[in-house]
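The chain contents come next:
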Amino acid sequence: MAEKLNEFMKNMLLIRLFVRELKKERRKIFLTIAGIAWGTLTIILLLSFGQGLSTQMLRGQKGLGNNIVLMFGGQTSMEYKGLPQGRPIRFLDDDVTLLENSIPEIDNITAEYDQWGTVYKYNDKAVTERIRGVSSMAYDDMRSHFPQKGGRFLNNNDMKERRRVIFIGWELKKQLFESEDAVGKTILMNDIPFTVVGVLQKKMQMGMYGGPDANCAVIPASTFRGIFSNYYLSRIIYQVNDIDKSKYVEQQVRRVLSRKKQYHPDDNNTLHFWDTIENAKQTRIAFTGITIFLGVIGAMTLIIASVGVANIMYVTVKKRTREIGIKRAIGAKKSLIKTQFITEALLIDLVGGFIGASISWLIIKAVQSIPQESADFGKNMALQILTNPEFDWTVAISTGIILGLVGLLSGFFPARKAAQVDPMVALHYE
Amino acid sequence: MIRMEKIRKIYSTGKVDVEALRGVNLHIKKGDFVTVIGPSGSGKSTLMNIMGCLDKPTTGDYILNGTNIKNLNDNQLSELRNHEIGFVFQNFNLLPYASAYENVEMPLLFAGVGGKKRKQKVEAILNKVGLSDRMDHRPNELSGGQKQRVAIARALVNDPNIILADEPTGNLDSHSGREIMELFVNLWQEGHTIVMITHDPRAKEYTDNFVNITDGKILREELVA
Ligand SMILES: Nc1ncnc2c1ncn2[C@@H]1O[C@H](COP(=O)(O)OP(=O)(O)OP(=O)(O)O)[C@@H](O)[C@H]1O
Ligand SMILES: [Mg+2]
């Protein structure tokens, strides 16, 4: 301990001397530190925005759904057991039950009906929009349909008892109710009274079919069937219990339905899958790639800056040959000289790094403080994606490691040169 | 204390080899005040650098306090320079950005002497060379004589066994030169061992222990030993 403290004091004096000497080189040092600060700034901003971009993209994809696969019917392209090709494949309510019962890897599954041009009325306001009927109360988790405070999503009793309850998107709510509270109120849907049980929480939604959830409303599938004449489902949506099994489950679905609907098991045109799990994985991979790419660009900037540090250290070694010789003559070991130069390079590096990190932190905070709540999520998605840089530990640690390496590298070679100074020659150096 | 046997030093610079020392034998006892004289280029500084472990002889043995220098590695030589030897140069060789105090402090730092003791030692030694009122001055704020006092304080601060001085008065006017000479004489009288290269004729007033080097060889070796 005492030894460490002593070592520290020793370096303090040496650093003090170094700082004095550097005052003579103010301009050069200033430029070097600015270079390191700039490099640090670049790397942190690139990594933070990259990370934020990736998180926002994934969040935006979650707006469509949480690890779900959407399934649409197609048509046969092969003859099978005397049945012709070109036969449309469409889903019925009992297909959902069949799949749920025969494929254990499916966690949740729902039927979904769509109807366009429904008229919603509340007091004197009327809006023409879409409506959806859904059969699973887990739809809220599957399709990110979480209620705003005070409301709820459709529940099992709603489904069983064919209740006339409705869960509405926030845009639709705004158009009908403006700032009024909607939950518990009755609205007319094609002149049939429905009770609003919940309003969809605002969310960022990147993937969509038909239109954004914000403008849509959801009712129980059982109620839907009693009102509209749709015989076929618009689609089936399911969630698998293991995201690595989505491909396997797809095969199972094809197999199970091929028996029921009598099509060739290898006929891939009968069913179309929109696998958001696979999409999310690819997004994550793509953005990891982008983040690494951005990080590498930042690191290169930093490395170039570190060449500047190395250069100035080389110059000081040359200028200080005599000083090194004096120190060696009065008993400084090579290792001390080496440590000294590395410490000095690290010092320049750390000061620059600290300045760069502080500035980037301020920039990130400023960008983050751009108000999000008032932003219209549907329309300003680009803004939302860009204004969410994340300055997290991964960014800080990777920047720190790169800075440290750069500092050591820029100090190492000059330090080695310094340690090799021959005191004899140095003392006669004029 | 110092024993040199058949020391030869050859500098190889490009084409020509310069034989700066051609078989020097020398013996210096504790408490001696030895003056090295000789014409320019005769090898005095070379001998001094070897004695101060700044350089190694090409052949021959240098035994300092019973240790043969050629068996030591760089770290051990550094320690030897730090603890056993105090070097005073003609051109002072002070660190320009350090104050008088800090220059003197430096060898103690390398020796790992702790805070309070270090302060006491530095102050005591600066007091001894008469610079207690100049401790915070940088070398460029000091006169030649004062600079050389700082250098002497620095050489003394680690209580070395031997003080080596290469023309310590060479860059000084005759008045400061005399003062510095007297300082060395005082140190000798206190019991320090001193080896000094000098052209200063006044050296004769203080010692008759001369080593006369000419052309890399010691003349009148019988006077030494
Ligand atoms: N580093 C060196 N490389 C090559 N030759 C050297 C080196 N140092 C000294 N010499 C040569 O060795 C010889 C002795 O030099 P040295 O410096 O020991 O002389 P000196 O007696 O101290 O002279 P002066 O009185 O002028 O200081 C000279 O011929 C000199 O040119
Ligand atoms: Mg000389």
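Reading guide: rules and limits
- Residues numbered from 1 in each chain as written.
- Chains lettered and ligands numbered in written order.
- Predicted model: local features only at pLDDT ≥ 70, side-chain atom pairs only at ≥ 80, totals over all residues.
- Heavy atoms only, no water.
- Helix = DSSP H or I, 4+ residues; strand = E, 2+ residues; numbered from the N terminus.
- Expected span 1.5 Å × (residues − 1).
- Buried < 20%, exposed > 50% of the residue type's maximum accessible area, 1.4 Å probe, protein only.
- Pairing = 2+ DSSP bridges.
- Domains from an automatic or database assignment.
- Contact = heavy atoms within 4.5 Å.
- Salt bridge = Lys/Arg side-chain N within 4 Å of Asp/Glu carboxyl O.
- Polar contact = N/O pair within 3.5 Å; in protein donor to acceptor, adjacent residues only side chain to side chain.
- Nonpolar A, V, L, I, M, F, W, Y, C, P; charged D, E, K, R; others polar.
- Buried area = accessible area lost by both parts, 1.4 Å probe.
- Axes fitted to C-alpha atoms, helices over the stretch in contact; angles between N-to-C directions.
- Parallel < 35°, antiparallel > 145°, perpendicular 65-115°, else oblique.
- Left-handed = near helix turned anticlockwise from the far one by under 90°.
- Core = buried A, V, L, I, M, F, W, Y, C linked by side-chain atoms within 4.5 Å.
- Patch = residues over 30% accessible without salt bridge, like charges linked within 9 Å, V, L, I, M, F, W, Y side chains within 5 Å.
- Areas by Shrake-Rupley, 256 points an atom, 1.4 Å probe, with all protein chains shown as cover.
- pLDDT = per-residue confidence, 0-100.
- Near = heavy atom within 4 Å.

**Side note on helix 5 (residues 144–156) of chain B**
Reasoning step 1: Here helix 5 of chain B is 13 residues long and its end C-alpha atoms lie 18 Å apart, about the 18 Å a rise of 1.5 Å per residue gives.
Reasoning step 2: Every buried residue of helix 5 of chain B is listed here: Gly145(B), Gln148(B), Arg149(B), Val150(B), Ala151(B), Ile152(B), Ala153(B), Arg154(B), Ala155(B) and Leu156(B).

**Description of the sheet that holds strand 5 (residues 67–68) of chain B**
Residues and elements named next belong to chain B.
Reasoning step 1: Read from one edge of the open sheet, four strands run 2-1-4-5, paired in antiparallel fashion. Edge positions in the sheet fall to strand 2 (16–28) and strand 5, since each has one partner strand and no second.
Reasoning step 2: Here strand 4 (residues 59–64) runs beside strand 5; their pairing, made up of two bridges, is antiparallel. Across the sheet, the residue bridging to Ile63 is Asn68, located in strand 5.

**Describing the domain arrangement of chain A**
All names here are of chain A.
Reasoning step 1: Partitioning chain A into domains gives domain 1 (2–63 + 280–427) and domain 2 (68–276).
Reasoning step 2: In this structure, domain 1 and domain 2 have C-alpha centres spaced 52 Å apart.
Reasoning step 3: Taken together, the 15 residues of domain 1 in the interface contact 13 residues of domain 2.
Reasoning step 4: Seen at the junction of domain 1 and domain 2, the total is one salt bridge.
Reasoning step 5: Put simply, Asp244 and Lys281 hold a salt bridge, and the shortest N to O gap is 3.5 Å.
Reasoning step 6: At the surface where domain 1 touches domain 2, the tally comes to two residue pairs in polar contact (both at pLDDT 80 or more).
Reasoning step 7: Secondary structure elements with two or more residues in the side of domain 1 that touches domain 2: helix 2 (26–64), helix 9 (276–319) and helix 12 (381–386).
Reasoning step 8: Element by element, the count of residues in the side of domain 1 that touches domain 2 is highest for helix 2, at seven residues.
Reasoning step 9: For the side of domain 1 that touches domain 2, the residue count by class is five nonpolar, five polar and five charged.

**Observations regarding the interface of chain A and chain B**
Reasoning step 1: Listed as interface residues are 28 residues of chain A and, on the opposing side, 30 residues of chain B.
Reasoning step 2: Carbon and sulfur atoms supply 61% of the area buried between chain A and chain B, which totals about 2600 Å² over both sides.
Reasoning step 3: Counting the contacts that link chain A with chain B gives two salt bridges.
Reasoning step 4: For the salt bridge of Lys333(A) with Glu79(B), the shortest nitrogen-to-oxygen distance reads 2.6 Å.
Reasoning step 5: For the interface between chain A and chain B, the tally reads six residue pairs in polar contact (both at pLDDT 80 or more).
Reasoning step 6: Sorting the residues of the side of chain A that touches chain B by element identifies helix 1 (2–23), helix 10 (321–329), helix 11 (334–368) and helix 14 (423–427) of chain A as the ones contributing at least two each.
Reasoning step 7: Sort the elements by how many residues they give to the side of chain A that touches chain B and helix 1 of chain A lands first, with nine residues.

**Side note on the sheet that holds strand 8 (residues 193–197) of chain B**
All names here are of chain B.
Reasoning step 1: As summarised here, the arrangement of the six strands in space is 6-7-8-3-9-10, forming an open sheet in which the pairing is mixed. Single-partner strands in this sheet number two, and they are strand 6 (85–88) and strand 10 (217–219). The average angle at which neighbouring strand axes cross in this sheet is 25 degrees, direction not considered.
Reasoning step 2: Note that strand 3 (residues 33–37) and strand 9 (residues 210–214) share three bridges and pair parallel. Paired with Val36 across the bridge in strand 9 is Val211.

**Some words on the side chain of His192(B)**
Reasoning step 1: If you trace the backbone, His192(B) turns up in the loop between helix 6 (174–189) and strand 8.
Reasoning step 2: With residues up to four places along the chain from it excluded, the contact list for His192(B) reads Gly31(B), Asp32(B), Lys128(B), Leu156(B), Pro160(B), Ile163(B) and Leu187(B).

**What about the packing of helix 3 (residues 100–111) of chain B against helix 4 (residues 115–128) of chain B?**
Residues and elements named next belong to chain B.
Reasoning step 1: For the pair helix 3 and helix 4, the least separation of the axes is 10 Å and the interaxial angle reads 125 degrees. In terms of orientation, helix 3 and helix 4 fall into the oblique class. Between helix 3 and helix 4 the crossing geometry is right-handed. In this structure, helix 3 contributes Ala100, Tyr101, Val104, Glu105, Leu108 and Leu109 to the contact, and helix 4 contributes Arg118, Lys119, Lys121, Val122, Glu123, Ile125 and Leu126.
Reasoning step 2: The class makeup of the residues in the contact of helix 3 with helix 4 is eight nonpolar, no polar and five charged.

**Focus on the nonpolar core**
Reasoning step 1: Counting residues in each nonpolar core, the largest one holds 69 residues, and the members touching the most others are Met4(B), Leu26(B), Met51(B), Tyr62(B), Met106(B) and Val195(B).
Reasoning step 2: Sequence-distant contacts of Val195(B), that is, excluding residues within four places in its chain, are made with Ile28(B), Val34(B), Val36(B), Met48(B), Met51(B), Ile162(B), Ile163(B), Leu164(B) and Ala165(B).
Reasoning step 3: Formed by 63 residues, the second largest nonpolar core is a distinct cluster that contains Val134(A), Leu176(A), Tyr209(A) and Val218(A).

**Re helix 1 (residues 44–51) of chain B**
Residues and elements named next belong to chain B.
Reasoning step 1: Of all eight residues in helix 1, seven are buried, a share of seventy percent or more.
Reasoning step 2: Burial in helix 1 covers these residues: Lys44, Thr46, Leu47, Met48, Asn49, Ile50 and Met51.
Reasoning step 3: Positioned one or two residues after helix 1, Cys53 has a phi angle of 60 degrees, which is positive.

**Notes on a nonpolar patch on the surface**
Reasoning step 1: A contiguous nonpolar surface patch, about 420 Å² in accessible area, is contributed by Val351(A), Phe354(A), Ile355(A), Ile359(A) and Ile363(A).
Reasoning step 2: Take Ile363(A): its relative accessible area is 32%, and that puts it in the partly exposed class.

**A look at the confidence of the model for chain B**
Reasoning step 1: When pLDDT is averaged along chain B, the result is 90; 97% of the residues meet or exceed 70.
Reasoning step 2: Scoring of the predicted complex yields 0.71 for pTM and 0.92 for ipTM.

**Describing unusual backbone geometry**
All names here are of chain A.
Reasoning step 1: With phi around 50 degrees, Asn67 is a residue other than glycine that occupies positive phi space.
Reasoning step 2: Tracing the backbone shows Asn67 in the loop between helix 2 and strand 1 (68–73).
Reasoning step 3: Residue Lys81 is not a glycine yet carries a positive backbone phi of 45 degrees.
Reasoning step 4: In this structure, Lys81 sits in the loop between strand 1 and helix 3 (93–102).
Reasoning step 5: Residue class for Lys81 comes out exposed when judged on its relative accessible area of 62%.

**Notes on the site of ligand 1**
Residues and elements named next belong to chain B.
Reasoning step 1: Around ligand 1, a shell composed of 14 residues is seen, among which Ser40, Gly41, Lys44, Ser45 and Thr46 lie nearest.
Reasoning step 2: One of the side-chain N or O atoms of Ser40 is found 2.5 Å from an oxygen atom in ligand 1.
Reasoning step 3: One of the backbone nitrogen or oxygen atoms of Gly43 is found 3.1 Å away from an oxygen atom of ligand 1.
Reasoning step 4: Here ligand 1 has 630 Å² of accessible area as a free molecule, and 64% of this is covered by the chains.
Reasoning step 5: Elements that contribute at least two residues to the shell around ligand 1 include exactly strand 1 (2–13), strand 2 and helix 1.
Reasoning step 6: For the shell around ligand 1, the element with the most residues is helix 1, which contributes three residues.
Reasoning step 7: For the shell around ligand 1, a count of residues per class yields four nonpolar, eight polar and two charged.

**Thoughts on the pattern of salt bridges**
Reasoning step 1: Applying the stated criterion to the full structure yields 38 salt bridges over all chains.
Reasoning step 2: Linking Glu190(B) and Lys128(B) is a salt bridge whose minimum nitrogen-to-oxygen distance equals 2.6 Å. Residue Glu190(B) is found in the loop between helix 6 and strand 8, and its partner Lys128(B) is found in helix 4; the two are separated by 62 residues along the sequence.
Reasoning step 3: Each member of the salt-bridge network shares a partner with another, and the members are Glu112(A), Asp114(A), Arg132(A), Arg143(A), Lys203(A), Asp213(A) and Arg235(A).

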